[in-house]
Amino acid sequence: MPENIYFVTAAYVATWLVIIGYLLRLRALMARARESLAHANASGAAS
Amino acid sequence: MAFRDEWARARAVAWKDLTTERRSKAGFNSVAALAVTILVLFGFALGPDTEAARAAAPGALWLSALFAGVLAFNRSYQVELDGGALEPLLLYPGARRSLFAGKLMANFVFVALLMAIVIVVSLVLFHVAVPAAWPMLLLVVLFGTIGLVTLGTFYAAMASRSRAREVLLPLLLFPMLVPVLLAAMQATKAILDGDIMHEAGAWISLLVAFDLIFLIATFFTFDYVIEA
Amino acid sequence: MTSVNAQTTLQAPAQGRSTGFGWFAVLFLIAAQVTAIVISPPDRDMGDLQKIMYVHFPVALNTFTCFFVVLLFSVRFLWQRREQDDLLAASAAEVGTIMTGLTLALGMLWGRPAWGVWWVWDPRLTSTLVLFLIFAGYLALREFVEDPERRGVWSAAVGILGALNVPIVYMSVRWWRTLHQVQSSPSTVDPSYVIGIRLNLTAVLLLTIFLIWRRYEAALTERAAEHVLQTAALGGANA
């Protein structure tokens, strides 16, 4: 069945989309968390 | 000795809940009315075909009991939360599990009564004859209801005290109930079909096993959940 | 009453410690996939379709890694009440839920050409779907509860019961199927594919560890910030 190749391609593309998408989300989460930590440290030191 | 104390406490909690329920009455009546309404809607969804209705009866029966029963589980904590009575209740001496056991018994009575109504109505609506093995059907209802109520009471202890409890309880509860519902529905179906394949017994034992596992697991974790 | 010790402030993780490991995991996965695709001949029955198995099977198996971590650290959290355990369990639950979703998608991409339908009520497929729903509930619960201690205890309870339920769901669905219909034939793994499968299993395991680790670091940093604010507020009140 030659059309099988589409399903195989779709499977690998889906996998990498999920991986890259999640990595990007993690990066955003991390950046936000670091920002709020820096903010907290700054305001904590000020008081 | 200690067990007798706990048992007495559990009974007291169950009695308190049931008394509140009986005095208000509105609660049970409206939940029962909802269950019947859901059955009628199932009937419309299935169409006027008698055979299709008969085949779908076990599923419709358990699902309408489930959808209506969910309301009871949140309610069972709601009354105390509204009155600020949960904290004082937790201050009483003794293990928390007697509180859980009490709530469990009260909810069991509530859902069992609901089941009685739902079964009678669905026998009529879905053209199902009372099966010869009706004592076995009672067993299925008994153990199915225990499973339903155990997980329902447990998850409601969390969901009722969170934001968005209306969504959270079914979201947490329904996937967890898959094994119990599956076993209960299949056993019911087998009995209503005359149990030609002799599989109802196997499903019932499976149901008992699920009930035991979930009872043990919830009794172990309830102490943590209610105190948090 | 046992409670999370408010005195111990959480330490934010050092920056970039997991990055090297992450690169390694990603490159290893690419290498494993390329190797598996190149060295494997087309399957006798399935043709090229067999190549889906190099992602589907490792991802599916590693969801259990995630949920095992959830179970383990949920139990330990209830026992020792270290907030880190709760955060780690939650991270594993999130990664596990995403991987379960991916497993389902890959299963469908396999099922459509292999069986002609997108979905069959196969015990493994069905219990994977129920697992996905259970842990979607777990993540929703965490969204809806603000108090960290309450969130930790409740999600630990939901996580433990959810993990316990996995074999039970599988068993009940299998019974339900075998009593009424023939079970769909399981896809057997040919010995010549074993190397490719093993390589990819390792690669996905490494990636899973990395994702959980990274998610945990982010959660830890976020909570550390909240701890700092809390301590500052308390210190201000004392001074």
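1. Examining the pattern of salt bridges
Okay, step 1: In this structure the tally under the stated criterion is 16 salt bridges over all chains.
Okay, step 2: The partner of Arg96 of chain B in a salt bridge is Glu227 of chain B, and the shortest N-O contact between them spans 3.2 Å. Linking Arg96 of chain B in the loop between α4 (86-91) and α5 (97-125) with Glu227 of chain B in helix α9 (residues 200-227), this pair joins segments that are 131 residues apart in sequence.
Okay, step 3: Glu227 of chain B gets classed as partly exposed once you look at its relative accessible area, which sits at 28%.
Okay, step 4: The structure contains a network of salt bridges with shared partners spanning Arg25 of chain A together with Glu94 and Arg215 of chain C.

2. Some points on the interface of chain C and chain B
Okay, step 1: Opposite the 32 residues of chain C that make contact, chain B presents 32 residues.
Okay, step 2: Buried surface at the junction of chain C and chain B, summed over both partners, amounts to about 3,000 Å²; 77% is from carbon and sulfur atoms.
Okay, step 3: On the surface where chain C and chain B come into contact, there are 1 salt bridge.
Okay, step 4: Of the charged contacts in the structure, one is a salt bridge between Glu146 of chain C and Arg163 of chain B, with a shortest N-O distance of 2.8 Å.
Okay, step 5: The interface formed by chain C and chain B contains 5 residue pairs in polar contact (both at pLDDT 80 or more).
Okay, step 6: When contributions to the side of chain C that touches chain B are tallied by element, the ones reaching two or more residues are α4 (123-144) and α5 (148-178) of chain C.

3. Concerning the arrangement of the chains
Okay, step 1: Take the 2 pairs of chains in contact: the one carrying the most contacts is chains B and C.
Okay, step 2: A gap remains between chain A and chain B, with no contact made and the closest C-alpha atoms lying 24 Å from each other.

Here is what the cut-offs are and how they apply
Residues numbered from 1 in each chain as written. Chains lettered and ligands numbered in written order. Predicted model: local features only at pLDDT ≥ 70, side-chain atom pairs only at ≥ 80, totals over all residues. Heavy atoms only, no water. Salt bridge = Lys/Arg side-chain N within 4 Å of Asp/Glu carboxyl O. Helix = DSSP H or I, 4+ residues; strand = E, 2+ residues; numbered from the N terminus. Buried < 20%, exposed > 50% of the residue type's maximum accessible area, 1.4 Å probe, protein only. Contact = heavy atoms within 4.5 Å. Buried area = accessible area lost by both parts, 1.4 Å probe. Polar contact = N/O pair within 3.5 Å; in protein donor to acceptor, adjacent residues only side chain to side chain.

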